[in-house]
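Listed below, chain by chain, are the residues.
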Amino acid sequence: DGGITQSPKYLFRKEGQNVTLSCEQNLNHDAMYWYRQDPGQGLRLIYYSQIVNDFQKGDIAEGYSVSREKKESFPLTVTSAQKNPTAFYLCASSTLGEGDTEAFFGQGTRLTVV
Amino acid sequence: GQNIDQPTEMTATEGAIVQINCTYQTSGFNGLFWYQQHAGEAPTFLSYNVLDGLEEKGRFSSFLSRSKGYSYLLLKELQMKDSASYLCAVRDRGGGYIPTFGRGTSLIVHP
């Protein structure tokens, strides 16, 4: 079955460590996104990519990095420069452009700094 | 960018009807989406509006007025499982066609 998979579901990070969150999709979608969700807040866009080997900063990109070496994969690295990384991270994918191109979401990764 | 406003929380009774409003400001409107999100889970797609009017899908309907920058999600015959957060998202041509999400409305359905 087609879908979008995030791993791990739960992740614990020590202060000063970098961690990488995995996101894989087999929907043949060109566009992939990373969102951060905090309690009482909506989804805030971290990075997005619309084509392999290209990506763009979203509203809260500082302290994060991404790569898009393959169409299916869009990993997110939370660096030590991110001062408040504890949050729920959601990866999504969609087809490009106009029309009824809704985003499909992974199950999320809950990151906690310990 | 877009400004998207939704009520933070709503409560309703099982079997009743509830309307969740969403207002937005954007310069290059290109569609509005509604998603449902249960606590700790991924959002799931409910509806899409790009033209004015009402779109009906079973118990859920969504309405759009582009001139007023206004949409609502209507849930009929409420069930306990409808207790969730409902997210309004607006797509803008100037934003690379990337949807921007509102803060979401937490709906609590009680018996």
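Residues numbered from 1 in each chain as written. Chains lettered and ligands numbered in written order. Predicted model: local features only at pLDDT ≥ 70, side-chain atom pairs only at ≥ 80, totals over all residues. Heavy atoms only, no water.

**Q** Report on the sheet that holds strand S3 (residues 18-25) of chain B, specifying residues and quantitative values.
**A** Residue and element names in this part refer to chain B. Strands sit in the order S1-S3-S8-S7-S6 across an open sheet of 5 strands; the sheet is antiparallel. Of all strands in the sheet, those with a lone pairing partner are strand S1 (3-5) and strand S6 (53-57), marking the two edges. The mean angle between the axes of side-by-side strands here comes to 15°, regardless of whether they run parallel or antiparallel. Note that S1 and S3 share 3 bridges and pair antiparallel. From the neighbouring strand, Ile-4 faces S3, where its bridge partner is Tyr-24. (Pairing = 2+ DSSP bridges. Helix = DSSP H or I, 4+ residues; strand = E, 2+ residues; numbered from the N terminus. Axes fitted to C-alpha atoms, helices over the stretch in contact; angles between N-to-C directions.)

**Q** Help me get a handle on the sheet that holds strand S7 (residues 64-66) of chain A, residues and values and all.
**A** Residues and elements named next belong to chain A. Spatially, 4 strands are ordered S1-S3-S8-S7 in an open sheet, and the strand pairing comes out antiparallel. The sheet terminates laterally at strand S1 (4-7) and S7, the two strands that pair on one side only. The mean angle between the axes of side-by-side strands here comes to 20°, regardless of whether they run parallel or antiparallel. Here strand S3 (residues 19-25) pairs with strand S8 (residues 76-78) via 3 bridges, running antiparallel. What sits directly across from Val-19, in S8, is Val-78.

**Q** Talk me through the state of the cysteines; I want residue IDs and the actual numbers.
**A** Residue and element names in this part refer to chain B. Scanning the model with the defined rule gives 2 disulfides over all chains in all. Note that Cys-22 is cross-linked by a disulfide to Cys-88, the S-S spacing being 2.0 Å. What sets the handedness of the Cys-22 and Cys-88 disulfide is the S-S torsion sign, and at about -70° it is left-handed. Here Cys-22 is found in strand S3, whereas its partner Cys-88 is found in strand S9 (residues 84-92), with 66 residues between them in sequence. What makes Cys-88 buried here is its relative accessible area of 0%. (Disulfide = S-S within 2.5 Å. Buried < 20%, exposed > 50% of the residue type's maximum accessible area, 1.4 Å probe, protein only.)

**Q** Describe the pairing of strand S7 (residues 60-65) of chain B, with residues and values.
**A** Residues and elements named next belong to chain B. Among the 6 residues that make up S7, 5 are buried, leaving the element largely enclosed by the rest of the structure. With 5 bridges connecting them, S6 and S7 associate as antiparallel partners. Residue pairing for S7: Leu-54 is matched across the bridge by Phe-63. In textbook terms, the turn of a hairpin is the stretch between consecutive antiparallel strands, and for S6 and S7 this stretch comprises 2 residues, one of which, Gly-58, has a positive phi near 65°. Here 6 bridges tie S7 to strand S8 (residues 70-75), and the two strands are oriented antiparallel to one another. Its bridge partner being in S8, Phe-60 is matched across the sheet by Leu-75. Hairpin connection of S7 to S8: 4 residues between the antiparallel strands, including Gly-69 at a positive phi of 60°.

**Q** Tell me about the nonpolar core, and please be specific about residues and values.
**A** Ranked by internal contacts, the top residues of the largest apolar core, which has 21 residues, are B:Leu32, B:Trp34, B:Leu75, B:Tyr86 and B:Leu107. Taken together, the elements giving at least two residues each to this core come down to S3, strand S4 (29-37), S7, S8, S9 and strand S11 (105-110) of chain B. Residues in contact with B:Tyr86, not counting those within four places in the same chain, are B:Gln6, B:Ile20, B:Trp34, B:Tyr35, B:Gln36, B:Leu46, B:Phe60, B:Leu73, B:Leu75, B:Gly104, B:Thr105 and B:Leu107. Counting 20 residues, the second-largest nonpolar core is a separate cluster that includes A:Cys23, A:Tyr47, A:Leu76 and A:Ala87. (Core = buried A, V, L, I, M, F, W, Y, C linked by side-chain atoms within 4.5 Å. Contact = heavy atoms within 4.5 Å.)

**Q** I'd like to hear about the interface of chain B and chain A, residue by residue, with values.
**A** Facing 21 residues of chain B, the contacting portion of chain A comprises 23 residues. Interface of chain B and chain A: buried area, both sides summed, is about 1,700 Å²; carbon and sulfur atoms make up 55% of it. Looking at the side of chain B facing chain A, the largest losses of area belong to B:Ile98, B:Phe101 and B:Arg103, adding up to 28% of the total buried there. The tally of links from chain B across to chain A stands at 0 salt bridges. (Buried area = accessible area lost by both parts, 1.4 Å probe. Salt bridge = Lys/Arg side-chain N within 4 Å of Asp/Glu carboxyl O.)

**Q** Residues and numbers for the pairing of strand S6 (residues 54-57) of chain A, please.
**A** All names here are of chain A. Relative to S6, strand S5 (residues 43-51) is paired through 3 bridges, and the arrangement is antiparallel. Looking across to S6, one finds that Tyr-47 is bridged to Lys-57. What sits between the antiparallel neighbours S5 and S6 is a turn of 2 residues, in which Asn-53 has the positive phi angle 65°.

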